[in-house]
Amino acid sequence: MSRIFITRNLPGEASTMLTEAFGAAAVRQYASDEPIPRDTLLDAVAGAEAVLALLTEAIDDAFFEAAGPQLKVVATMAVGYDNIDVPAATRHGVA
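Only a predicted model underlies this, so the values are computations on that prediction, with no experimental measurement involved.

Asker: How do you make sense of the sheet that holds strand S3 (residues 50-53) when you look at a structure like this?
Answerer: Within a sheet, neighbouring strands are paired by backbone hydrogen bonds and run either parallel or antiparallel to one another. Strands sit in the order S2-S1-S3-S4 across an open sheet of four strands; the sheet is parallel. The two strands at the open ends of the sheet, each matched to only one other strand, are strand S2 (27-29) and strand S4 (73-76). Strand-to-strand twist in this sheet, taken as the mean axis angle between neighbours without regard to direction, amounts to 15°. As paired strands, strand S1 (residues 4-6) and S3 are joined by three bridges and run parallel to one another. Pairing of Phe-5 across the sheet is with Val-51, part of S3. With respect to the sheet, helix H1 (residues 14-22) is in contact with S1 and S2, its orientation differing from that of S2 by roughly 155°.

Asker: Would you mind showing me how to read the pairing of S3 here?
Answerer: Looking down a regular strand, the side chains alternate between one sheet face and the other. Side chains Ala-50 and Leu-52 of S3 all project onto a buried face; the interleaved residues Val-51 and Ala-53 project onto the opposite face, where all are buried too. Here S3 runs beside S4; their pairing, made up of four bridges, is parallel. Residue pairing across strands places Leu-52 opposite Ala-75, the latter belonging to S4. You can see the chain leave S3, run along helix H3 (residues 61-67) and come back into S4, and the turn it takes is right-handed.

Asker: What exactly am I supposed to notice about the environment of Pro-35 here?
Answerer: Within the secondary structure, Pro-35 sits in the loop between S2 and helix H2 (38-44). Judged by its relative accessible area of 42%, Pro-35 falls in the partly exposed class. On a C-alpha basis, the gap between Pro-35 and Asn-9 in space is 9.8 Å, while along the polypeptide they are 26 residues apart. In this view, Pro-35 contacts Arg-8, Tyr-30, Thr-56 and Glu-57; residues no more than four positions away in its chain are not counted.

Asker: Would you mind going over the pattern of salt bridges with me for this structure?
Answerer: Side-chain pairs of opposite charge can arise where the charged atoms are in close proximity. For the structure shown, the criterion picks out three salt bridges. Notably, a salt bridge pairs Asp-60 with Arg-38, separated by 2.7 Å at the nearest N-O pair. Linking Asp-60 in the loop between S3 and H3 with Arg-38 in helix H2, this pair joins segments that are 22 residues apart in sequence. A relative accessible area of 32% means that Arg-38 is categorised as partly exposed. Of the charged contacts in the structure, one is a salt bridge between Asp-61 and Arg-91, with a shortest N-O distance of 2.6 Å. One end of the pair, Asp-61, is in helix H3; the other, Arg-91, is in helix H4 (residues 86-91), with 30 residues separating them in the sequence.

Reading guide: rules and limits
- Every chain's residues receive numbers from 1 upward, in the order its sequence appears when written.
- The model is predicted, so local features are restricted to residues of pLDDT at least 70 and side-chain atom pairs to those at 80 or more, both for listing and for counting; the totals for chains, interfaces and linings are taken over all residues.
- Excluded from the side-chain calculations are hydrogens and water; all other atoms, namely the structure's heavy atoms, are used.
- Strand pairing follows a simple DSSP-based rule, namely that at least 2 bridges must link the two strands.
- Numbering of helices and strands runs from the N terminus; a helix is a DSSP stretch of H or I covering at least four residues, while a strand is a stretch of E covering at least two.
- Here an axis means a line fitted to C-alpha atoms, over the contact stretch when the element is a helix, while the angle between two N-to-C directions is reported on a 0 to 180 degree scale.
- Residue contacts are counted whenever heavy atoms from the two residues lie within 4.5 Å of one another.
- Each residue gets one of three labels from its accessible area relative to the maximum for its type: buried under 20%, exposed over 50%, partly exposed in between, using a 1.4 Å probe on protein chains only.
- Handedness rule for crossovers: strands pointing away from the viewer, path from the first strand over the helix to the second running clockwise, crossover right-handed.
- The term salt bridge refers to a side-chain nitrogen of Lys or Arg lying within 4 Å of a carboxyl oxygen of Asp or Glu.

Shown next as structure tokens:
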């Protein structure tokens, strides 16, 4: 089973679409319009295979280490990817 973590409330029907596509048990979401606290983020991504983040989340070595080796992809809901440490993602085998 894929496990997807979303770091913030999504606009419109996006959460519903993900839940319908992957199943309610596979999709978890930080249910707030405020940025997720760093320690909460690092705990929440443990075991995730995919993470949908916003620019407010630093996606770095500590993030990848907290997520674990099963993490396959990180997507950001933004224009650009300044919050993602691409060399760290590459080192951890994450797209």
